Every structure is written in structure tokens, then in C-alpha cells.
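Examination of the molecular architecture
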Amino acid sequence: MKCILPILLLLPYTTAQEFQDLYCGDVNCYDLLGVTRDSSKVEISKAYRKLAGTWHPDRFRTQEEKKNAEVMFMRIAAGYEVLKDDESRKEYDYMLDHPEEYYYNYYRYYKRRVAPKVDIRIVILSLISIVSALQYYSTWYNFNQTIVYLATVPKYRYQALEIARSKGLLLNQKQKGVSRDKSKQMEDEVVRHIIADMMDSNGGYERPQIRDILWVRIVLFPLEAYKWIRFQGDWILRFWILREEYGTFEKEYITRTKLKYSERQWLALQDFEKELFLKKEFWIKVNWEEYCEEEAERERVKQAESGRSKQERRWLKHSDNRMTFDENYDW
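None of the values given here were measured: they were computed from a predicted structure. (Residues numbered from 1 in each chain as written. Predicted model: local features only at pLDDT ≥ 70, side-chain atom pairs only at ≥ 80, totals over all residues. Heavy atoms only, no water.)

1. Topic: the packing of helix α8 (residues 154-166) against helix α9 (residues 180-201)
Basically, it comes down to this: Think of each axis as a best-fit line through the C-alpha atoms, taken over the contacting stretch in the case of a helix, with angles from 0 to 180 degrees between the N-to-C directions. Elements are defined by DSSP. Helices are runs of H or I of four residues or more, strands are runs of E of two residues or more, and each kind is numbered from the N terminus. Roughly parallel means an angle under 35 degrees; roughly antiparallel means over 145; roughly perpendicular covers 65 to 115; every other angle is labelled oblique. Here, two residues are considered to be in contact whenever any of their heavy atoms come within 4.5 Å of each other.
Contact geometry of α8 with α9 gives a least axis separation of 9 Å together with a crossing angle of 100°. Accordingly, the angle class assigned to the pair α8 and α9 is roughly perpendicular. Contact residues: Y156, R157, Q159, A160, L161, I163 and A164 in α8; K184, E187, D188, V190, V191, I194, I195 and M198 in α9.

Right under this line is the structure:
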């Protein structure tokens, strides 16, 4: 115990001395450069250049002198790095004034030392740009792969070929000098183009748009937020407070919102389909609840009549612990 007590008493002093080692070794950085705490940046720069010229290793001849001069030159450079920067100098002065706060001083020293030298704003902007580019590429890739697959599905391919024939897009494929492979390639391109147009116009699978890219969404966010707030405020004022009657636009908006249709999908519907939905008056709570119950019942009946459901019931009835699934069943 008698041996430990002196060590504990000397610990704060020892730790405070170690902080000077972090910056300029066992010498005060100001003393190392021959300046004071009141010296200006110009005076510090002049003192550094003078000492750097004096202790430059090339001014010495013997190997030992060069080695000692190199060590001193590095210490002078380290001291100048500390004092030439206003923030670093401020932290160093704080350490000299508060040596007892050694943990906090350690934290500030290493925080500055390991902190990234690149502006964090540049990092964020670069990251957003990379994500936006990858997003745009992947969206187009997925869209093209989907169209290529749909072009192999007979249902969509036959429809596309009929449209192509009606528009005369396949007439040029029978020209002389066009090989069979070339003709097939041209036909596939026409089919894919028509399917892409159909999917895009009908709201099934929209072509990738620049407005959906992350960069554009961020730039347009203030405008979109303003439109949303204005729309919600106007809706609350007109229909919640003033109790106005819904107009055609409002009825269509409520109907497609409850059906979870996008605006593009709603516009792709035929007029008679829109009329059928509007006649159900989904803006009335009771009507919407009845529609949901009818849809749930219709789905339940469909599931009960499906091949999978029948197979499950047979399995439960016989309890033979064996169940197979035939892909030809109507799931």
C-alpha cells in the first residue's frame, strides 16, 4: 500500500506530461519553435522556416549528425503543424491550460488525428450520386428483363403481333435479302417494344423515369412536400370543416385510393370500369365495408374451389401424412 500511494499521486502529473509527448515530445511546441502563445501566424511561420533551414538533414555530413538532425527536423515540423492551424492551436492551448483533463484532451487529439480529411458534404454528395446511378441502371435492367420475359409468354406475344400487323410494323420483314434470323430478330424487337408500350400505358409496369431517381427526389422534395401539405390542408378545410360535397375529382381520388390504384393505373381503366367503381360510392364508409366483405367472401370461395385447397382437405380427411402439389392445379 505504501508503494502504490506515491504512484497514484504522480499519475496525473505523468499523464499530463504524456500529452506533450502527443504533440511535440517533452518540449512545449511554442518553446520548440522559439515563439510565445501571443505570437501571430506570420511569426510562427518565419520561426519554422528558419529552424527548418537550420536543422535540415542535408546540411550535415556524418551519418550520426544527419540522423539527429532528421529527428529534430521532424519534431519542428510536427510543432508547426500544431500551431499553424487555428483549431489545432486552440486545442493545444486548452491542453496547456487544463492538463488535469487528460481524458478529454486525449479524445480531442485523436479525434482530430483520425478524422477524415475530406469534407463530409462531398462524401454525402458522392454517395447519393453513386446510389442514384446504380438505382437508374438497375431499374432499367429489371424493366428490360421483364419485357424480354413477357415477350416469350404466348398471351402477350400474340397480342403484340396483332397490334404490330394492324400498324403495318411487320411488312418490311418480308423484303428480299432479309435472312430468317434477321427477320426473327426484327420481329422480337417490335414485340418487345409494343409490350413495353402496353405495360407503360396501362400502368402495369411503368418505364423508369428520371423523376424517380434519388437525386431528383431529393431536389424535388421541398416542392412535393409543399404540394402534399397544401392538398391535405385544403381537403381538411373543405370537407371536414366546411362539410362541402365531394366533386367528381374527389370521388375518383377516394375511389382509386381505397382500391390502391396509382393515378396512372386509374387513367388506364376503361370509362365503364370507372363508372362501375364510382357507382359503388366508396366514399361512404358502409359501402366500402360491404365491398371489402364481398371481396373477402369471393376470395374465400375461390380458395375453397382451388386445386390446392381441395388437396389440403383430402389430406386432412385421410391423414396419410403425405401431400403433393401439382403445378397444373388452379392455385
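Moving on, there is more to tell.
2. As for helix α5 (residues 86-97)
How we decide: Under the convention used throughout, the expected extent of a helix is 1.5 Å for every residue step, that is, one less than its residue count. The buried label goes to any residue with under 20% of its type's maximum accessible area, the exposed label to any with over 50%, and the partly exposed label to all in between, with areas taken from a 1.4 Å probe on protein chains only. Polar contact is the term for a pair of N or O atoms within 3.5 Å; when the atoms are in protein, one must be able to donate a hydrogen and the other to accept it, and sequence-neighboring residues count only if both atoms are side-chain atoms.
Taking 1.5 Å per residue, twelve residues should reach 16 Å; α5 reaches 16 Å between its end C-alpha atoms and fits that length. Those residues of α5 not exposed but buried are S88, R89, E91, Y92, D93 and M95. If you check the start of α5, you find a side-chain oxygen 3.2 Å away from the backbone N of E87, and it comes from D85.

3. Some points on the side chain of E91
Structurally, the position occupied by E91 is in helix α5. If we skip the residues at most four places from it in the chain, E91 touches R108 and R112.

4. A closer look at the pattern of salt bridges
In plain terms, the rule: A carboxyl oxygen of Asp or Glu within 4 Å of a side-chain nitrogen of Lys or Arg is what we treat as a salt bridge.
With the rule as written, the count across this model stands at 14 salt bridges. The partner of E187 in a salt bridge is R157, with the nearest N and O atoms 3.1 Å apart. With E187 in helix α9 and R157 in helix α8, this pair connects stretches of sequence that are 30 residues apart. Here R165 ties to E162 by a salt bridge, and the two come within 3.6 Å at their closest N and O atoms. With R165 and E162 both in helix α8 and three residues apart, the pair spans about one turn of that helix. One network of salt bridges, with partners in common, ties together R157, K184, E187 and D188.

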